[in-house]
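Chain and residue survey
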Amino acid sequence: NAGVTQTPKFRVLKTGQSMTLLCAQDMNHEYMYWYRQDPGMGLRLIHYSVGEGTTAKGEVPDGYNVSRLKKQNFLLGLESAAPSQTSVYFCARGIIGSSYYEQYFGPGTRLTVT
Amino acid sequence: SQQGEEDPQALSIQEGENATMNCSYKTSINNLQWYRQNSGRGLVHLILIRSNEREKHSGRLRVTLDTSKKSSSLLITASRAADTASYFCATDATGANSKLTFGKGITLSVRP
């Protein structure tokens, strides 16, 4: 799992419900990311973090919040789920150096909002 | 908006043949990366090529980068059925502040 675990693996929500997706890394990497993947759309960045206590918006942040209270964990919250948030969510940790840059992805969380 | 756009969207070849996939992007980049995704799994990093490099090899993978045309190609030689997956290019755009932008992906099917 590339040192990234995601909880839960599957979830079905009703419109208006809230939930939190948990991402945990077993390395000490500064960078963490949340993406969503939809058919024909590729991966789109929701929010990301460049270190403990920091978060920033990505390409599609509306309807989501994040927190990075501990370096190992990056939480993605859906405040009031909508059917448009039905997707597969991927978390990634990133390592960036002067001559390298890689992201390592978790196995994904499949979310359905009815 | 997507920075990288892959071409073709889908590719089907026979085992043993070579597979060539292309990626075009819009803005200046620090590096370009290729990832693979097997069905139902997360993405796996394959190879990175920096903006000052023109070609890079890793096993059966060969990546080229043409910054004047803002394009890259990924060649998989002697393909195997296990290469069946989706392939994504991702760009680290100049000034992107540690973010990658992924294309929509290419679905590669390798027939045994």
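Whatever comes next refers back to the structure up there.
Read on for an overview of the structure.

Calculation criteria
Residues numbered from 1 in each chain as written. Chains lettered and ligands numbered in written order. Predicted model: local features only at pLDDT ≥ 70, side-chain atom pairs only at ≥ 80, totals over all residues. Heavy atoms only, no water. Helix = DSSP H or I, 4+ residues; strand = E, 2+ residues; numbered from the N terminus. Polar contact = N/O pair within 3.5 Å; in protein donor to acceptor, adjacent residues only side chain to side chain. Core = buried A, V, L, I, M, F, W, Y, C linked by side-chain atoms within 4.5 Å. Buried < 20%, exposed > 50% of the residue type's maximum accessible area, 1.4 Å probe, protein only. Contact = heavy atoms within 4.5 Å. Salt bridge = Lys/Arg side-chain N within 4 Å of Asp/Glu carboxyl O. Phe/Tyr/Trp six-rings, centres within 6.5 Å; stacked < 30°, edge-to-face > 60°. Lys NZ or Arg CZ within 6 Å of the ring centre and 35° of its normal. Pairing = 2+ DSSP bridges. Axes fitted to C-alpha atoms, helices over the stretch in contact; angles between N-to-C directions.

**A short note on the side chain of arginine 68 of chain A**
Counting through the fold element by element, arginine 68 of chain A comes out in the loop between strand E7 (64–67) and strand E8 (73–78). Side chain to side chain, arginine 68 of chain A and serine 49 of chain A meet in a polar contact 2.7 Å long.

**Digging into the nonpolar core**
Ranked by internal contacts, the top residues of the largest apolar core, which has 23 residues, are Met21, Leu32, Trp34, Leu74, Ile76, Tyr87 and Leu108 of chain B. Counting only elements with at least two residues in this core, the list comes to strand E2 (10–14), strand E3 (19–24), strand E4 (29–37), strand E5 (43–50), strand E7 (61–66), strand E8 (71–76), strand E9 (85–93) and strand E11 (106–111) of chain B. Other than its neighbours up to four places away in sequence, isoleucine 76 of chain B contacts Glu17, Asn18, Ala19, Met21, Arg60, Leu61, Asp83, Tyr87 and Leu108 of chain B. If you look at the next biggest cluster of nonpolar residues, it comprises 19 residues, including Leu13, Met32, Ala81 and Val113 of chain A.

**Regarding the pattern of salt bridges**
Residue and element names in this part refer to chain A. Scanning all chains against the criterion turns up 6 salt bridges over all chains. Among the salt bridges present, the one from arginine 36 reaches aspartate 38, with a minimum N-O distance of 2.9 Å. Grouping residues by exposure puts arginine 36 and aspartate 38 together as buried. The structure contains a network of salt bridges with shared partners spanning Arg36, Asp38 and Arg44.

**A word on unusual backbone geometry**
In this structure, proline 8 of chain A follows threonine 7 of chain A across a cis peptide bond, with omega equal to -5°. The step from aspartate 7 of chain B to proline 8 of chain B runs through a cis peptide bond, and the omega angle for that step is 0°. Its location among the elements puts proline 8 of chain B in the loop between strand E1 (5–7) and E2. Phi at lysine 70 of chain B is positive, roughly 50°, even though this residue is not glycine. Note on placement: lysine 70 of chain B falls in the loop between E7 and E8. Lysine 70 of chain B gets classed as partly exposed once you look at its relative accessible area, which sits at 30%.

**What to know about the packing of aromatic side chains**
Per the stated rule, a full pass over the model turns up 8 aromatic pairs over all chains. Judged by centre distance (5.6 Å) and plane angle (35°), the ring pair of tyrosine 35 of chain A and phenylalanine 105 of chain A falls under tilted. Of this pair, tyrosine 35 of chain A sits in strand E4 (residues 31–38) while phenylalanine 105 of chain A sits in strand E10 (residues 101–105), and the two are 70 residues apart along the sequence. Residue tyrosine 35 of chain A shares its accessibility class with phenylalanine 105 of chain A, and that shared class is buried. For the pair tyrosine 64 of chain A and tyrosine 89 of chain A, a centre-to-centre distance of 5.9 Å together with 65° between the ring planes defines the contact as edge-to-face. Note that tyrosine 64 of chain A is positioned in strand E7 and tyrosine 89 of chain A in strand E9 (residues 87–96), a separation of 25 residues in sequence. Neither tyrosine 64 of chain A nor tyrosine 89 of chain A differs from the other in exposure class; each is buried. Through a chain of ring-to-ring contacts, three or more aromatic side chains come together here, namely Tyr33, Tyr35, Tyr48 and Phe105 of chain A together with Tyr35 and Phe102 of chain B. Here the basic side chain of arginine 93 of chain A rests over the ring of tyrosine 104 of chain A, its NZ or CZ set 4.2 Å away from the ring centre.

**A word on the sheet that holds strand E3 (residues 19–25) of chain A**
Two strands in a sheet stick together by hydrogen bonds in their backbones, pointing the same way (parallel) or opposite ways (antiparallel). All names here are of chain A. One open sheet accounts for 4 strands, arranged E1-E3-E8-E7; its pairing is antiparallel. Of all the strands in the sheet, the pair left with one neighbour each is strand E1 (4–7) and E7. Strand-to-strand, the axes of this sheet are offset by a mean angle of 20°, without reference to chain direction. Note: E3 against E8, 6 bridges, orientation antiparallel. Paired with threonine 20 across the bridge in E8 is glycine 77.

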